[in-house]
Amino acid sequence: MEQPILKSTPAFDASLERLFSFTYIGNQVFSHRFRVYNNATNAVVYDKKVESFQMEHTIPAATLKNGILYRAQVSVFDKNGVESNLSQPTLFYCYAIPTLQITNLTANQIVRSYGRNSMGIFMLEMSLILFLKYVESVLNEEKSTYLWTILVDIPIRKVEDLDFERFDRYAQARSTYVYTLTPLPGNTEGNMNINSVKSDFDGMFIMEANQGFETDLEISVETQRNHPSSVANPLGGKYPFVIYNSEQNYDSGSATELFALRNVESCNWDFDQSFTYRNQLNDFLANNQPKFLKLYDGRGLDCIRCRWNHRIGK
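Residues numbered from 1 in each chain as written. Predicted model: local features only at pLDDT ≥ 70, side-chain atom pairs only at ≥ 80, totals over all residues. Heavy atoms only, no water.

Caption draft 1: Local environment of the side chain of Lys294. By the secondary structure assignment, Lys294 is in strand S20 (residues 291-295). Asp168 provides the closest opposite charge to the buried, salt-bridge-free Lys294, at an N-O distance of 6.9 Å. Within polar-contact distance, the side chain of Lys294 engages the backbone oxygen of Ala171 at 2.8 Å. (Helix = DSSP H or I, 4+ residues; strand = E, 2+ residues; numbered from the N terminus. Buried < 20%, exposed > 50% of the residue type's maximum accessible area, 1.4 Å probe, protein only. Lys, Arg positive; Asp, Glu negative; His and termini not counted. Salt bridge = Lys/Arg side-chain N within 4 Å of Asp/Glu carboxyl O. Polar contact = N/O pair within 3.5 Å; in protein donor to acceptor, adjacent residues only side chain to side chain.)

Laid out in structure tokens, this is it:
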């Protein structure tokens, strides 16, 4: 029989019951067996077989203990009682739900709050992982594989760390991106917070991971596909042979544009004050780092090596 897949679960309070879900591709499932191990000692702390067509299992309240890292696996049975292999293990923590207690109030004392709700913050040391799932581009109807790609790992050690801002500078125009922000306490994946974003812009951007330059003035881009080959003319032959000696298949080209300083407030170009800005651009292009060039029409080009000519402009 095939191997079932046990879905991951975020940390939960062991004093409450918890529902686990799994999937299985194969014959009809007539029953399943759910096992939980103490991950530190490998001791089996829960082992139960359930007769059910449903691919889910509920661990009763107070079965496990808080403050422990556990490992769960599941196997399924067909109508003949044949058991499948165990699923790959899923790790999860059990933690007590925090309570907020105020112990210094006297009888009949009034506490005024200007918010509608009071909330206590309980934090573990963890990370927030920003993932990119796939890109749907208007230039290409095909989507890439539905695999998450890590964009950034954000350590969370204190409440202030939750106030952050991150940029995906490689997002191309005319494309829809799907992102998820996922907590990762103790290397255990929490619930995914998924959202999609339509990326669109004017002009041209030359980007690195942490900086970039943009313009929409006098843009011209020419590209060509390179697939090296050689032609052999055999003696006495009627037709030549085309020989491809490598698997190289890449684009190259050139881009010309006018860069100038843009006033952030008015969005107007300040040509008189652009000399320093273009010097910064020259330093950027000469720092020996690969670049990514993205255009308003959705094209994106990797720039391994940059050559440039300085244009004074207006």
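Let's pick the thread back up.
Caption draft 2: Expanded view of the side chain of Ser84. Looking at the secondary structure, you find Ser84 in the loop between strand S6 (68-77) and strand S7 (90-94). When neighbours within four sequence positions are excluded, Ser84 is seen to be in contact with Met1, Glu2, Pro4, Ser75 and Val76. (Contact = heavy atoms within 4.5 Å.)

Caption draft 3: Spatial organisation of the packing of aromatic side chains. As enumerated under the stated definition, the model contains twelve aromatic pairs in all. The positively charged end of Lys49 is found above the aromatic ring belonging to Phe77, 3.9 Å away from the centroid. One cation-aromatic arrangement involves Lys291 over Phe284; the distance from NZ or CZ to the ring centre is 4.9 Å. (Phe/Tyr/Trp six-rings, centres within 6.5 Å; stacked < 30°, edge-to-face > 60°. Lys NZ or Arg CZ within 6 Å of the ring centre and 35° of its normal.)

Caption draft 4: Broad picture of the environment of Tyr46. As for its placement among the helices and strands, Tyr46 is situated in strand S4 (residues 44-51). Remark: the alpha-carbon pair of Tyr46 and Arg35, spanning eleven residues in sequence, is separated by 5.5 Å. Those residues in contact with Tyr46 that sit more than four places away from it in its chain are Phe34, Arg35, Val36, His57, Thr58, Ile59, Pro60 and Thr63. Of the polar contacts made by the side chain of Tyr46, one reaches the side chain of His57; its length is 2.7 Å.

Caption draft 5: A look at the nonpolar core. In terms of nonpolar packing, the biggest core is built from 18 residues, with Phe34, Val36, Leu64 and Phe92 touching the most fellow members. Those elements that provide at least two residues to this core are strand S2 (18-23), strand S3 (31-38), S6 and S7. With four residues, S6 is the single largest residue contributor to this core. Other than its neighbours up to four places away in sequence, Phe34 contacts Leu6, Phe20, Tyr46, Asp47, Lys48, His57, Ile59, Ala72, Gln73 and Val74. Counting eleven residues, the second largest nonpolar core, distinct from the first, contains Met204, Phe213, Phe284 and Leu285. (Core = buried A, V, L, I, M, F, W, Y, C linked by side-chain atoms within 4.5 Å.)

Caption draft 6: Representation of a nonpolar patch on the surface in the model. Residues Val231, Val242 and Tyr244 make up a contiguous nonpolar surface patch of about 310 Å² in total accessible area. Looking at the secondary structure, you find Val231 in strand S15 (residues 230-232). (Patch = residues over 30% accessible without salt bridge, like charges linked within 9 Å, V, L, I, M, F, W, Y side chains within 5 Å. Areas by Shrake-Rupley, 256 points an atom, 1.4 Å probe, with all protein chains shown as cover.)

Caption draft 7: Quick look at the sheet that holds S3. Strand order in this open sheet of four strands is S4-S3-S6-S7, and the pairing throughout is antiparallel. The sheet terminates laterally at S4 and S7, the two strands that pair on one side only. For this sheet the average axis-to-axis angle between neighbouring strands, irrespective of direction, equals 25 degrees. Summarising the sheet, S3 and S6 pair through eight bridges and their orientation is antiparallel. The partner of Ser31 across the bridge, within S6, is Phe77. (Pairing = 2+ DSSP bridges. Axes fitted to C-alpha atoms, helices over the stretch in contact; angles between N-to-C directions.)

Caption draft 8: Structural context of the confidence of the model for the chain. With 78% of its residues at a pLDDT of 70 or more, the chain shows a mean pLDDT of 77. Highest mean pLDDT in the chain belongs to S3 (97); lowest belongs to strand S8 (residues 126-137) (48). pLDDT under 50 marks residues 108-126. Its contacts with residues more than four places away, or in other chains, come to 24 contacts. Note that residues 133-145 has pLDDT below 50 and, in this model, 28 contacts with residues that lie over four places away or in other chains. (pLDDT = per-residue confidence, 0-100.)

Caption draft 9: Examining the sheet that holds S2 more closely. Read across the open sheet, the three strands follow the order S1-S2-S5; overall the sheet is antiparallel. Whereas interior strands pair on both sides, the edge strands pair on one side only; in this sheet they are strand S1 (5-6) and strand S5 (56-59). Of the strand pairs in this sheet, S2 and S5 are connected by four bridges, and their pairing is antiparallel. Of the residues in S5, the one forming a bridge with Phe20 is His57.

Caption draft 10: The arrangement of the environment of Ile68 in detail. Here Ile68 shows up in strand S6. Separated by 26 residues in sequence, Ile68 and Cys94 place their C-alpha atoms 5.8 Å apart. Leave out the neighbours within four places in its chain, and Ile68 touches Asn38, Phe92, Tyr93 and Cys94.

Caption draft 11: Spotlight on helix H1 (residues 275-285). Those residues of H1 that sit buried are Tyr277, Arg278, Leu281, Asn282, Phe284 and Leu285. All buried residues of H1 project into a common sector of 160 degrees when viewed along the axis, lining one side. Across H1 from its buried face, at more than 90 degrees, point the exposed residues Phe275 and Asp283. Residues of H1 that are buried in the fold lie against strand S12 (204-207), strand S13 (212-215), strand S17 (250-258), strand S18 (261-262) and S20. (Arc of directions from axis to C-beta.)

Caption draft 12: Layout of the pattern of salt bridges. Across all of its chains, the model carries seven salt bridges by this definition. Salt-bridge contacts for Glu83 lead to Arg35; the nearest nitrogen and oxygen are separated by 3.6 Å. Here the residue Glu83 occupies a position in the loop between S6 and S7, and Arg35 occupies one in strand S3, the gap between them amounting to 48 residues. Exposure remark for Arg35: the relative accessible area of 10% places this residue in the buried category. For Glu208, the salt bridge goes to Lys291, with nearest N and O atoms at 2.9 Å. Residue Glu208 is found in the loop between S12 and S13, and its partner Lys291 is found in strand S20; the two are separated by 83 residues along the sequence. As far as burial versus exposure is concerned, Glu208 and Lys291 are alike and both buried. Taken together, the shared-partner salt bridges in this structure form one network comprising Arg33, Arg35, Asp47 and Glu83.

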